[in-house]
Amino acid sequence: MKVKFLVPEIDRDRFSESLKYRMDWFKKSSKDLTNIGSETYTEQNIYKYKKGSIPSIDRFLTICRYLLTPPDEFLSPIPRWVECEIDDDDILKFPLIGQIDDTYYVAPPKVYPWDILTNYEISSFEELPKEPSPESYRDFHLYVRREDSFVICDNDKYIYRFPRVDDEKTSKKIFEILESYNLSTRQLMILLGFSSSADITNRRAKIKDTSKGQSWTIKDIYKLSWILNKTFEEFLEFKPNEQEEETRNVPFDIVFYLEHIFGDESAEEDV
């Protein structure tokens, strides 16, 4: 069955803009971000991120938590349609938005995830008047609850834990998810833009030995999040935080933050 998936590349310019905007909004300088996690960043590191360089995944997640912004909101897409054959029995596992003749279209729906029906029949999908423009998704972000931005209330203090991704467990989890969708190596090469099957093999090697192979990248996981309609962190497994110093107090007034995002009434309720 012919299917077109809406697959995003990371818009580095908008990542840069988003980072600078959030730093300005919270009145944080590059120096303020040099010691916010388990690694020490230099101001040069932060300067590169502000110019559109994408951090390592642990550093990226630390910045997300420090600035109280879920990864799915921090990343902005440059989306395009990617055509891939999918078995008839598997097509209903994906977030279909409609069809044109014998081609089905998969894109993250612009509704809350729990509104998605999973018991559709192929015949129930409406005929699209034309192929949806990828440009209409340029401002789209997967829906996530802002209050789930990994801020923890501990003894009346709000803290965030330093995120350290477990490469071995993360790779195992991702392949388990991919197997549940019955995606083959060939299909993954097409959807993720890999040049050869070695790109898949290298990531699978992480399951048995973290010193070998290649970790899944932010770019990979961002694409998978749209293809499978799952939030960024649903694909990750984290190492346990064993020491108290692996947490940090949130450097913002949470009440003020929630008031800004939700308005006065919801801020009082959530806090």
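Model, not experiment: these values are computed from the prediction.

Trainee: Let's hear about the overall build of the protein chain: which residues, and what values?
Mentor: Secondary structure summary: the protein chain contains ten helices and seven strands in total. Buried residues in the protein chain amount to 47% of all 271 residues. Relative to all contacts within the protein chain whose residues are 6 or more apart in sequence, the contacts with residues 24 or more apart total 78%.

Trainee: Just give me the short version of the packing of helix α1 (residues 12-25) against helix α2 (residues 43-50), but keep the residues and values in it.
Mentor: Each pair of packed helices gets described by two things: the angle between the helix axes and the distance between those axes. Viewed as axis vectors pointing N to C, α1 and α2 meet at an angle of 120°, and their least axial separation amounts to 8 Å. Between α1 and α2, the interaxial angle falls into the category oblique. Facing α1, whose interface residues are F15, S16, L19, K20 and M23, α2 presents I46, Y49 and K50. When its residues are assigned to classes, the contact of α1 with α2 shows five nonpolar, one polar and two charged.

Trainee: Which residues make up unusual backbone geometry, and what are the values?
Mentor: Unlike most non-glycine residues, K27 shows phi in positive territory, near 60°. Position of K27 relative to the elements: it lies in the loop between α1 and α2. Exposure remark for K27: the relative accessible area of 72% places this residue in the exposed category. Even without glycine at this site, N182 takes up a positive phi of about 60°.

Trainee: Talk me through the side chain of D199; I want residue IDs and the actual numbers.
Mentor: Secondary-structure assignment places D199 in helix α7 (residues 198-204). A polar contact is formed between the side chain of D199 and the backbone nitrogen of S195, at a distance of 3.1 Å.

Trainee: Describe the pairing of strand β3 (residues 96-100), listing the residues and the values that go with them.
Mentor: Along β3, four of the five residues are buried, which leaves the element largely enclosed by surrounding structure. Of the pairings in the sheet, the one linking β3 to strand β4 (residues 103-106) comprises four bridges and is antiparallel in character. Directly across from G98, in β4, lies its bridge partner Y105. Counted along the chain from β3 to the antiparallel partner β4, the turn is two residues long, and its residue D101 has a positive phi close to 55°.

Trainee: Mind laying out the packing of aromatic side chains, listing which residues take part and the relevant values?
Mentor: A ring pair, where both rings are aromatic, is described by two values, the distance of the centres and the angle of the planes. All told, the structure shown has 15 aromatic pairs when counted by the stated rule. Their ring planes at 70° and their centres at 6.0 Å tell us that F60 and F232 sit as a pair that is edge-to-face. With F60 in helix α3 (residues 57-66) and F232 in the loop between α8 (218-228) and β7 (247-249), this pair connects stretches of sequence that are 172 residues apart. An identical accessibility class is assigned to F60 and F232; each is buried.

Trainee: Help me get a handle on the confidence of the model for the protein chain, residues and values and all.
Mentor: Taken as a whole, the protein chain shows an average pLDDT of 85; of its residues, 82% reach a score of 70 or greater. Note on residues 114-120: pLDDT under 50 across the span, and six contacts to partners over four residues away in sequence or across chains. Contacts from residues 264-271, a stretch scored under 50 in pLDDT, to residues over four places away or in other chains number ten contacts.

The rules behind these values
- Residues numbered from 1 in each chain as written.
- Predicted model: local features only at pLDDT ≥ 70, side-chain atom pairs only at ≥ 80, totals over all residues.
- Heavy atoms only, no water.
- Helix = DSSP H or I, 4+ residues; strand = E, 2+ residues; numbered from the N terminus.
- Buried < 20%, exposed > 50% of the residue type's maximum accessible area, 1.4 Å probe, protein only.
- Contact = heavy atoms within 4.5 Å.
- Axes fitted to C-alpha atoms, helices over the stretch in contact; angles between N-to-C directions.
- Parallel < 35°, antiparallel > 145°, perpendicular 65-115°, else oblique.
- Nonpolar A, V, L, I, M, F, W, Y, C, P; charged D, E, K, R; others polar.
- Polar contact = N/O pair within 3.5 Å; in protein donor to acceptor, adjacent residues only side chain to side chain.
- Pairing = 2+ DSSP bridges.
- Phe/Tyr/Trp six-rings, centres within 6.5 Å; stacked < 30°, edge-to-face > 60°.
- pLDDT = per-residue confidence, 0-100.

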